[in-house]
Each structure stands twice: as structure tokens, then as C-alpha cells.
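Architecture at a glance
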Amino acid sequence: MGIGMASDLGVIGSFALRKRNFDIFDWPSSLADIPQSFTGDGQILALELQPGDRYSHYRLSFTEPYLGSRWYGLTVSGSRDISRRDTWDNSNWGGDVRLNRYFTFERDIFATLAYRYDYVDIGRIDDEAPEDAYDVEGVTRVSALSLGLTVNKYLYDPYAGPYKGYRVWANYEYAGGFLGAHVDQWKAQAGAAYFLPVYEHEDGTRHIVMASGTFGWMETHHNTDEVPIFERFFLGGPHTLRGFRSYGVGPHENGEEIGGTALVHGTVEYTFPLFVNFLRGVTFFDWGQLEGPYRDGGVQKWDNHRLAMSRMRTAAGAGLRISLVPLGMAVPISLYWGEAIDSMPDDRRHSFLFSIGQIAF
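Description of the structure in this document. In this text, all values refer to a predicted model and were calculated from it rather than measured experimentally.

Examining the side chain of Glu291
Within the secondary structure, Glu291 sits in strand S16 (residues 276–291). Of the polar contacts made by the side chain of Glu291, one reaches the side chain of Gln289; its length is 3.0 Å. Side-chain polar atoms of Glu291 contact the side chain of Arg311, separated by 2.5 Å.

The structure is reproduced here in C-alpha cells:
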């Protein structure tokens, strides 16, 4: 459980419940049997509730880690996300099914075949909202199939996270076309991270250097003019480019971020223990660039090839990470103070940022 406050987003709460030895077929035989039921088969049931003033996330997932054998795993989930932007709202009901195929006994190399179906409702559009929000006002359905490959060759500590080794991943997603629904697009992403322990104390706590990079690209197909605003890449915030507000990096229209179709970002980060093992200090240098739609004479145009060093954003800063594992906190709380070094005129800077798990402010 956790709670926090951000100057521009108000209060955010976080509650996570994870049962790692779930059994979907162990139904209770009586009311008195309920506390001992649904237990014993090694399945995972997870519930996430993260309500907030500007962003809320709710998710329920079921995982069968050994589907017939140790070489396959299945996850089924449903989610509800509500995002209140400055001039428009994005409300999303979604569900997905993911099948993993593992290639090693340690399960550190695997391929993923996934299908998602989203029901997106764009509403509360103000007069100042970008035209891209007006273009998708109302309900839009997304049907997408994806294929990914992940290599996780790193060692992990519950307080420090990954501390030695590397991670490489790539994913391709195809939406619309023969899958139906309203959105016709494809999206490719790839990334890598390297973890290096540079010093270890007698108590086993470590100083760690991490370097990572991510690249993303998307385009439309079947003569579709543009990628809808809710499907685009966004950049900024504590999980991508600190020193900028979440989603705060351009392109912009009427001062509002409209996302992009080409993305590159990375970070170099140094973390170290502070007093107790669940409290760590962080220093970082982040960089990134986002490009895509722009308007020329009132006509929207797309040019992914506009990625250029002249528009690269950079930021540096420091912060704290808190991982209260003994108290049941499933994911860490992060607090950062970052300053933008290079930015564009319309970018929205934001020095203090925090996150609870994957929810960023």
C-alpha cells in the first residue's frame, strides 16, 4: 500500500494484492472453508488499484506459469485506465491474453504472443484541445496482435533491483486489418539495459551503474491517414525523461502534447544504499527525442524521419528510491528532482516527480 501527492496531479493512492500460490479450481465447500480455498497450484492472481485525481489505473490478472509444461506460461488480464489531460479525457477499458514460450530452463529467454482489445472513449474536449483529440472524439475500438522476444540475463535483488548483467527486448504489434476494429497501424519497439555493480559493502548492499536505451517507431496501413493520439508515444516523467512533466515533451498543439510516432530515449543512472537496505540514492542523466505529427498551413503531416540531434532533450538530477518489501510493498516508490538541460520552447518542465510502481507523475 502507498500514497503520495504531486503538485500538478493531487493525491494518488496505490494498493496491490498478489497471491502467488493461487488455485482457480480450489473452490470452497462452505463459508468456513473460504480462507483456505483457492490455494495450492502455484498460479498467480494480482489486483492493482491506483486511484488518483488526474490518472487512475485498475487491473486484475491471472497467470498460469506452467501451462502444460515449464516451457509455456499464460496470462489473462483486464484493466481500466482513466487519464484526465488539461483539455480532454481518455477513458479506456481493455483486456489482453499473453502466451509465453520459454527457451531455457531458467526461463530467462522467451518469446511472447499477445492479443489485446481496447475500448477507448475520448471525452470532455475543451475548445483549447488539439485537433487530434477532436478527430477521435467518442468511442474507438483497438484490436491488436503482437510478437516479442526478451532476454533477461541479469541478477536481481529485491531492494536494489537488477544489479548485474543485461536485458534486451524487442516487440512488434499489428493492429486493425484482418483483426478488425477501428485502428490500422503497426508499432515496433526495442530496448536494452546493462547493469554493473561497481562496489559492494560488507552487508551485501551494492553501488550500481545502469545504462539503457529504447527505440520506437509506428506507422499506419490500409490508407489510414494518422495514428490516433491515444496510441502514440509520449515522453517525459520519472520513467522516461526526468526533468520534464509526464507526457511533457513535444510535439505540441495549442500548448498541449499530442505525442509522436518516432521515439528514442535512454538513461545513465548510478544508485547506492543509504543507511538502510530499502532506501537508495539515485543520480541520473536522461536523454530523449520524440517526433511525429506537425501542421503545415493547417494541414497535419507526418514525418518520422525528423528525429534529429538538434531537438534532443537532456536532463540530470538526483533522487530517492524506497522499497518496503517487508511491509508488503510490491513495487518501489521513487522521488526525483531533475533539471532540464536541453529542451524545446513548448516543452513543459517539471523538477519534482514521483512514481508508485509504473504510475508516474
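Examining the environment of Phe278
Along the chain, Phe278 turns up in strand S16. Sequence-wise, Phe278 and Thr205 are 73 residues apart; in three dimensions their C-alpha atoms are separated by 9.9 Å. Those residues in contact with Phe278 that lie beyond four places of it in its chain are Tyr159, Arg321, Ile322, Ser323 and Leu324.

Here we look at the pattern of salt bridges
If charged atoms from side chains of opposite charge come close, those side chains can pair. One pass over the structure, following the stated rule, counts 19 salt bridges. The closest approach of N and O atoms between Asp286 and Arg242, which form a salt bridge, is 2.7 Å. Taken as a pair, Asp286 in strand S16 and Arg242 in the loop between strand S11 (206–220) and strand S12 (243–244) lie far apart in primary sequence, 44 residues in all. For the pair formed by Asp286 and Arg242, the shared burial category is buried. Residue Glu269 is joined to Arg321 by a salt bridge in which the shortest nitrogen-to-oxygen separation is 2.8 Å. On the criterion of sequence distance, the pair formed by Glu269 in strand S15 (residues 262–274) and Arg321 in strand S19 (residues 313–322) is long-range, its members being 52 residues apart. The two residues Glu269 and Arg321 agree in class, both being buried. The network of salt bridges with shared partners includes Arg54, Asp86, Arg245, Glu256, Glu257 and Arg348.

So, how was this worked out
- Residues numbered from 1 in each chain as written.
- Predicted model: local features only at pLDDT ≥ 70, side-chain atom pairs only at ≥ 80, totals over all residues.
- Heavy atoms only, no water.
- Helix = DSSP H or I, 4+ residues; strand = E, 2+ residues; numbered from the N terminus.
- Polar contact = N/O pair within 3.5 Å; in protein donor to acceptor, adjacent residues only side chain to side chain.
- Contact = heavy atoms within 4.5 Å.
- Salt bridge = Lys/Arg side-chain N within 4 Å of Asp/Glu carboxyl O.
- Buried < 20%, exposed > 50% of the residue type's maximum accessible area, 1.4 Å probe, protein only.

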